[in-house]
Amino acid sequence: MTADFSPPANNEPHSPNLFVEPLSYRIHGGDGQAYLGNTPLSQLAAHHGTPLYVLDGATVKAAAHAYQHTLENHYPGEHLVLYAAKANLNIGLAQKIGQLGLGLDVVSGGELYTALQAGFPPEKICFNGNNKSADELLMALHHRIGRITVDNLDELALLHELAASSGRTADDRVPILVRITPGIECHTHDYIQTGQNDSKFGVDLSELPTLVHQLTTEYADTIELKGLHAHIGSQIFERQPYIDSAKLLLNIYANIRKHHADIVLTDLNLGGGMGIAYTKGDDPLPIPATLGFIATIVADYCELIDYPLPRLLVEPGRSLMATAGLTLYTVGSQKTVPNTRHYVAVDGGMGDNIRPALYGAEYHAVVANKASEAHTLSGTHPARIVGKYCESGDVVIPEAKLPANVTRGDILAVFGTGAYNDSMASTYNRVPRPATIWVEGDAIIPLVRRETYDDLLARDIPLK
Ligand SMILES: Cc1ncc(COP(=O)(O)O)c(C=O)c1O
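All of these numbers come straight from a predicted model, not from anything done at the bench.

Draft legend 1. How the structure looks around the overall build of the protein. When helices and strands are counted, the protein shows 13 helices and 23 strands. Expected size for 464 residues packed as a compact globule is a radius of gyration near 23 Å; at 24 Å, the protein falls within 12% of this value. For the C-alpha atoms alone, the extent of the protein along its principal axes is close to 70 × 70 × 45 Å. Of all 464 residues assigned to the protein, the portion counted as buried reaches 47%. Long-range pairs, those at least 24 residues apart, make up 71% of the contacts in the protein between residues at least 6 apart in sequence.

Structure, rendered in structure tokens:
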């Protein structure tokens, strides 16, 4: 049985972020078995245990294609899509991302180390973060990664010192971007423009003249400014803030060139942030149409202000990875609080998905071995799905609809967990973290093994 991956009728690439389920998700058989690729989810759970993170290779590839194909078709200049590794990273996934031709945005020494161990091309790595340590910066310098995104003037001074002591010279300057706070704040459905942004990230616009002055004087022999970076938020459902941000950056480029004729910035990084559908009620933007529109505006605006087309960089995390992922849990205890609600507990929770507790994030779920319409509709049964952690706030889905015959041992699939789940996971209550597998057609590729009790003890030092 093969899933249908043919492109949509309008010939635009798929935009997986529009759907709650991954692309290769299907329901087959009278008993309503949910499949990913060619394998029933209940079989994946039986073979690999639960909780289990499952990534749909077809969805990751389609999302990567949506970004890359759109920039190829709509942006006449150079471009690079950098996957934001904070969304989800392990060695195998970094290798998959590399094979897809994407770059990587890392924000810590650990992410950078993982990428390097995966053999990721250093020149396609960009290093973000508001407080990189000297050791982290030295690792980046040593491996000559593509770009360091400097977050503040203090870090710029530190980088200059480290570059000078590492022997970097005027012929071999460190290529950097500078992250600015553009005064645009986005929340899923609305955004505001403020003159100033009270944010821990980025250089305030008022500090730009000082920054440029330093780069053209005391740091001129160690550091080369390649462009600016602005990341305006996450789970964004609007395109206008990106347009406003891009134009603001390009106006700054023109202004810098006006005062320093020799500085023509060649990179423009618009950050990540495009939203996805976590629930059937979410209505995110399609990647191809949105990015295509933004790319066209950037190109047109460059023409208008007579600026050479910069290399366009974007840094999606969630919209590349979240929809590809689902988490499988096994149903355990159930209870009904009279006149109040029914509780269904699963064998994971806030340790493998902190987002509901942290942000009130919402998710959609099915019982993977009872996923048919008949099961779902005949017995739609309100329940609160909770985890196994010792916190009342350990709720997976507060108001779920499950088949009435849900029972111990059933497999629950929660969608949209490919981003910011494993990467934010903890061992709270000393519960080992789940394994991750990649499923593509018949292939099932393990990416991360399940943590063991001995792994939990590995850092402990018994008293002598
Ligand atoms: C600098 C930067 N780039 C990219 C991203 C990725 O954002 P998203 O996962 O919403 O696409 C983030 C997320 O916080 C970020 O801080």
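Moving on, there is more to tell.
Draft legend 2. View of the site of the ligand. Near the ligand lie 15 residues; those nearest to it are Ala 84, Ser 234, Gly 272, Gly 317 and Arg 318. Partitioned by chemical class, the residues of the shell around the ligand number 4 nonpolar, 8 polar and 3 charged.

Draft legend 3. Here's a closer look at the packing of helix H5 (residues 134-142) against helix H6 (residues 153-165). The contact between H5 and H6 brings their axes to 10 Å, and the two run at 50°. Judged on the interaxial angle alone, H6 and H5 are oblique. For the pair H5 and H6, the sense of crossing is right-handed. Where H5 approaches H6, its residues Ala 134, Leu 137, Leu 138 and Leu 141 are matched on the opposing element by Leu 158, Leu 159, Leu 162 and Ala 163. Here the residues of the contact of H5 with H6 are counted per class, giving 8 nonpolar, no polar and no charged.

Each value, and the rule that gives it
Residues numbered from 1 in each chain as written. Predicted model: local features only at pLDDT ≥ 70, side-chain atom pairs only at ≥ 80, totals over all residues. Helix = DSSP H or I, 4+ residues; strand = E, 2+ residues; numbered from the N terminus. Rg over C-alpha atoms; globule rule 2.2 N^0.38 Å. Buried ≥ 20, exposed ≤ 12 C-beta atoms within 10 Å, placed from the backbone. Contact = placed C-beta atoms within 7 Å. Near = placed C-beta within 6 Å. Nonpolar A, V, L, I, M, F, W, Y, C, P; charged D, E, K, R; others polar. Axes fitted to C-alpha atoms, helices over the stretch in contact; angles between N-to-C directions. Parallel < 35°, antiparallel > 145°, perpendicular 65-115°, else oblique. Left-handed = near helix turned anticlockwise from the far one by under 90°.

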